[in-house]
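Survey of secondary and tertiary structure
This is what each chain is made of:
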Amino acid sequence: MEMMTPVNPPSRPLRHVLSSSQFDRAFLDYLYQLTTTIRRFDKSREGIVYLSSLLPHKRAMLYFTQPSTRTFLSFQSACHVLGINASEIRDAATSSERKGESVEDSLRTFSSYVDLIIMRSPIAGLCERVANMLDATPRPVPIVNAGSGPDEHPTQALLDIYTLTRSLRTEGGIDGKTVCMVGDLKRGRTVRSLARLLTNYDGVKIIFASPEGFRIEDDLRRDLMAAGMAFEETTDFLPAIEAADAVYMTRIQDEYDVPGMGGAEDYRRYHLKAEHLPLLKDHCVIMHPLPRRDELDVAIDQDPRAKYWRQERNGMWVRVAILTMLFGVNDKVQLPEL
Amino acid sequence: MEMMTPVNPPSRPLRHVLSSSQFDRAFLDYLYQLTTTIRRFDKSREGIVYLSSLLPHKRAMLYFTQPSTRTFLSFQSACHVLGINASEIRDAATSSERKGESVEDSLRTFSSYVDLIIMRSPIAGLCERVANMLDATPRPVPIVNAGSGPDEHPTQALLDIYTLTRSLRTEGGIDGKTVCMVGDLKRGRTVRSLARLLTNYDGVKIIFASPEGFRIEDDLRRDLMAAGMAFEETTDFLPAIEAADAVYMTRIQDEYDVPGMGGAEDYRRYHLKAEHLPLLKDHCVIMHPLPRRDELDVAIDQDPRAKYWRQERNGMWVRVAILTMLFGVNDKVQLPEL
Amino acid sequence: MEMMTPVNPPSRPLRHVLSSSQFDRAFLDYLYQLTTTIRRFDKSREGIVYLSSLLPHKRAMLYFTQPSTRTFLSFQSACHVLGINASEIRDAATSSERKGESVEDSLRTFSSYVDLIIMRSPIAGLCERVANMLDATPRPVPIVNAGSGPDEHPTQALLDIYTLTRSLRTEGGIDGKTVCMVGDLKRGRTVRSLARLLTNYDGVKIIFASPEGFRIEDDLRRDLMAAGMAFEETTDFLPAIEAADAVYMTRIQDEYDVPGMGGAEDYRRYHLKAEHLPLLKDHCVIMHPLPRRDELDVAIDQDPRAKYWRQERNGMWVRVAILTMLFGVNDKVQLPEL
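This structure is a prediction, so every number in the text was calculated from the model and none was measured.

**What to know about the relation of the copies chain C and chain A**
Take chain C, turn it by 120°, move it 0.0 Å along the axis, and it overlays chain A with an RMSD of 0.0 Å. Look at the turn and shift together and you get a three-fold axis relating the two. By C-alpha distance to the rotation axis, the residue of chain C lying nearest is Asn85(C), at 5.6 Å.

**Digging into the packing of aromatic side chains**
Residue and element names in this part refer to chain B. Scanning all chains against the criterion turns up 24 aromatic pairs over all chains. Ring plane angle 25° and centroid distance 5.5 Å describe the contact between Phe41 and Tyr50, whose orientation is recorded as stacked. A relative accessible area of 0% means that Phe41 is categorised as buried. Taken together, a centroid distance of 6.4 Å and an interplanar angle of 55° make the contact between Tyr308 and Trp309 tilted. Summarising the burial analysis for this pair, Tyr308 and Trp309 share the class buried.

**Looking at the domain arrangement of chain A**
By a frequent convention, interface size equals the accessible area lost on bringing the separate parts together. All names here are of chain A. Per the domain assignment, the segments making up chain A are domain 1 (20-153 + 315-337) and domain 2 (154-312). With centres defined by C-alpha atoms, the gap from domain 1 to domain 2 works out at 27 Å. In this assembly, 30 residues from domain 1 lie in contact with 25 residues from domain 2. Counting each side, the surface lost to burial between domain 1 and domain 2 is near 2,400 Å², with a carbon and sulfur contribution of 53%. In this assembly, domain 1 and domain 2 are joined by two salt bridges. A salt bridge links Arg25 to Asp175; the shortest N-O distance between them is 2.9 Å.

**Notes on the packing of helix 7 (residues 154-167) of chain C against helix 8 (residues 189-198) of chain C**
All names here are of chain C. Running from N to C, helix 7 and helix 8 cross one another at 60°; their axes reach a closest spacing of 9 Å. In this view, helix 7 runs oblique relative to helix 8, as classed from their interaxial angle. For the pair helix 7 and helix 8, the crossing hand works out as right-handed. Only Thr190, Ser193, Leu194, Leu197 and Leu198 of helix 8 make contact with helix 7, whose side of the interface consists of Gln156, Ala157, Leu158, Asp160, Ile161 and Leu164. Across the contact of helix 7 with helix 8, the residue classes break down as seven nonpolar, three polar and one charged.

Conventions we followed
Note on numbering: residues in each chain are counted from 1, in written sequence order. To label them, take the chains in the order written and letter them from A, then take the ligands in the order written and number them from 1. With the structure being a predicted model, the display of local features is reserved for residues of pLDDT at least 70 and the display and counting of side-chain atom pairs for 80 or more, all residues being used for whole-chain, interface and lining totals. Values reported for side chains reflect all heavy atoms of the structure, with hydrogen atoms and water molecules removed beforehand. The atoms used to superpose the copies are C-alpha atoms, taken from residues with pLDDT of at least 70 in both, and the fit is least squares. Only centres within 6.5 Å qualify two rings of Phe, Tyr or Trp (six-membered ring in Trp) as a pair; their planes then separate them into stacked at under 30 degrees, edge-to-face at over 60, and tilted for everything else. Each residue is assigned to one of three classes by its accessible area relative to the maximum for its type, calculated with a 1.4 Å probe on protein chains only: buried under 20%, partly exposed between the two thresholds, exposed over 50%. Domains are outlined according to an automatic or database domain assignment. Contacts are residue-level and defined by heavy atoms, with any inter-residue pair within 4.5 Å sufficient. Summed over both partners, the accessible surface that disappears when two parts come together, traced with a 1.4 Å probe, is what is meant by buried area. The salt bridge definition used is simple: a Lys or Arg side-chain nitrogen within 4 Å of an Asp or Glu carboxyl oxygen. Only C-alpha atoms enter the line fits that serve as axes; for helices the fit covers just the stretch in contact. Angles between N-to-C directions range over 0 to 180 degrees. The helix count covers DSSP runs of H or I at least four residues long, the strand count covers runs of E at least two residues long, and both are numbered beginning at the N terminus. Any angle that is under 35 degrees is reported as roughly parallel, and any over 145 degrees as roughly antiparallel; angles of 65 to 115 degrees are reported as roughly perpendicular and all others as oblique. Crossing handedness follows the turn of the near helix against the far one: under a right angle anticlockwise gives a left-handed crossing, and clockwise gives a right-handed one. Classification used: nonpolar for Ala, Val, Leu, Ile, Met, Phe, Trp, Tyr, Cys and Pro, charged for Asp, Glu, Lys and Arg, polar for all others including Gly.

Structure representation (structure tokens):
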């Protein structure tokens, strides 16, 4: 049975969500509690209607110039849950940009109609630039980074932490656990963000299992060492997953296949198959940021340790929680109110 | 004056809408009554606001990978009528599918954010596959087939039946009537579904009027004979429409023009023109699933027997009725409640 | 301090918004008052929620077959403000049109699902045609022209007038003022509409400043003379802006560059730069319909006389006001009600 000490909300209001590095342990613990409470509201018609009464006076813009159906729908649904009206830009270039408008002017325009911008863009650092630009105007609005450039996808990292905490709640939470990350560790944005957030927990060990050519990059290696995080890198898949309290699978993007990185044969050694299930610990949490291809056997979906579908739905709830914090209505999400 | 005995709702809850073959006469009669009641709610601001209070706690996904502006808008508006928040996929391929995700995984993802999926797809049988797949998960959601493959478009057939029943209500309803279907009877999805649903009525006769190359297919012919339905096939347009209580016009898709099917000259003999109006019975119901081209003269729009524009709006109301049944709130649609 | 005599609403209900020529001074004064009141509602959660309770029983269609992200979002947000559910068409051609449907049939179809159509189209005169067509059916809906053909963009002109009136309220309003319009006066739709609306005010003078090849067209020149409007045309930028109570900058579309119109060098003489700010009157209103390129220096954004970002947000509020008038709920927007 889960027993958690109530956690206080952060003393500083949340203004933007730009990078996973902005979150500390106190924030993560509070977010876990808030998200769990919100999910309980979803159990009844009254609870759902109450959630949708929190922000009917707010409008959001989903500015997704880098396509991502999954993340888009997750955020859009989170808006709907709270009664927020959401507008969207899903074209790579808006008609104004085609007319020669700067991306800053475009986003300032959008900001003038809404109260929040959720943005996903291939341009690294654009979120910070826009947040700074708007903060200098008479009508700043919060910016949420929904994936930008090669590195940052902070809400994905938050939902991964939520799912880990939730799935390990009867095992004492994330502290002291071994997390095995598998696949393309070199380019995987989710792996990089999650590894960094895990430095907020005590006694965690990460095992990075990948082909030689897909090992983590130097910058991440350096950051983890600086944070005193225990980790090892291996090409040996089976011992790695056997030792793990959580296995975080990711897709190897073989469309990027280059010489010296090992061929398709090599990748296949990093696929999790139904035949591996007996090797895993009884409480092992199987995760995947999805979409998957062959690296995660669909037969595993039936195993109670498979949490990736819940992980996806958790993403919506974590985003709902983040939105309540950005608009300062998180204190209205308390169960006895119902 | 219309006098109808109240019909009880079906004893089994409606779980999915997959095929017109799942509906029997009792269902059709109940749906007629429910839709008619819903339309009365639309007459006042209070009624409209009441309808929108029925399902504000539900979210729907409109997954339209086969384009259809008309059907899309009809369903989207039906969602709006009931307060349902609707998300949409209108691209032929989602970004996840481009990343190699299976269509099953994509739809399971979408299902995790919403409470209902309305889908239109070029893939025959996809609706059934998805419904079965989701029914085996911990969080199944209803599937509504909004047109899939070459054969099924069940809600179109339901709205056609509604419009026929409504338009013939002072003539004793559909029983005993002669329905003339005109045009491309070989490939027309609406003709096939409507003809099948008409087997639920007593004493109905269908006249299929088309060029030789556009006659109905063997499978439909066989099914109608098995159901004991009276029908005839003819290439003689004028006698057919003269005998009809309802004329159901359809578009001949001459982009498919093939040798031996008759040329453009031939099609033109199956166009309904203003000069034909005097031939029709006084109560004859003129229908068309739209969009139309030359086969239905715009001058006919002014004739009181032309029901195709109402047919289109009826489509929205029938879909509203179906949605209330899928979520089990159809019993809340009762006029004295207002 | 602003002191305005209350203005009565127009005695005739507003049925469509098709052309800026349909508005007179009494309408413009009332619209100013209504919009200003609506903006005050936006100051509190209660006010915002009240606005969204005005039209939750209405559905709108945004039919934008000519792309315009900015105008689209402005209207969509205006719908959201009032609780109107908005559907959208943003493709150049709908799937029905690809199947050979006439644009009239397409729009009649859309009208059958909604209570209002807001349309932007490259086809000159389409709005009038559709409004007339629907007025002859049993279920007409209001049409709002959101930009059609080369000439009309009536709601842009209304928001320009609103911004001028608002920005000059401590200077006695628009009457007696000098407005300098700069840039592409030949093709600029906003310049043409605004100049025409200014004929409703007393003692206004317009200075048109542009390269020789971008002067206003004969038809506008003729209309202004017929209306007794004082105006002059000049190629001399600096004296023009020095004399102005308002400078209305527009983009010179050098993609249209043709021989004899002057080259890029020439355009640059019509760019407003930070170094020009000391030349302007203290109360001078700097406007631009946006998007901008080089003709309006971003450094000017910081100047308190720069009103173009407010102008943009005003656009949303003016559209909210117009929508309340089209649905006859403008009389419910009264501040003491709060």
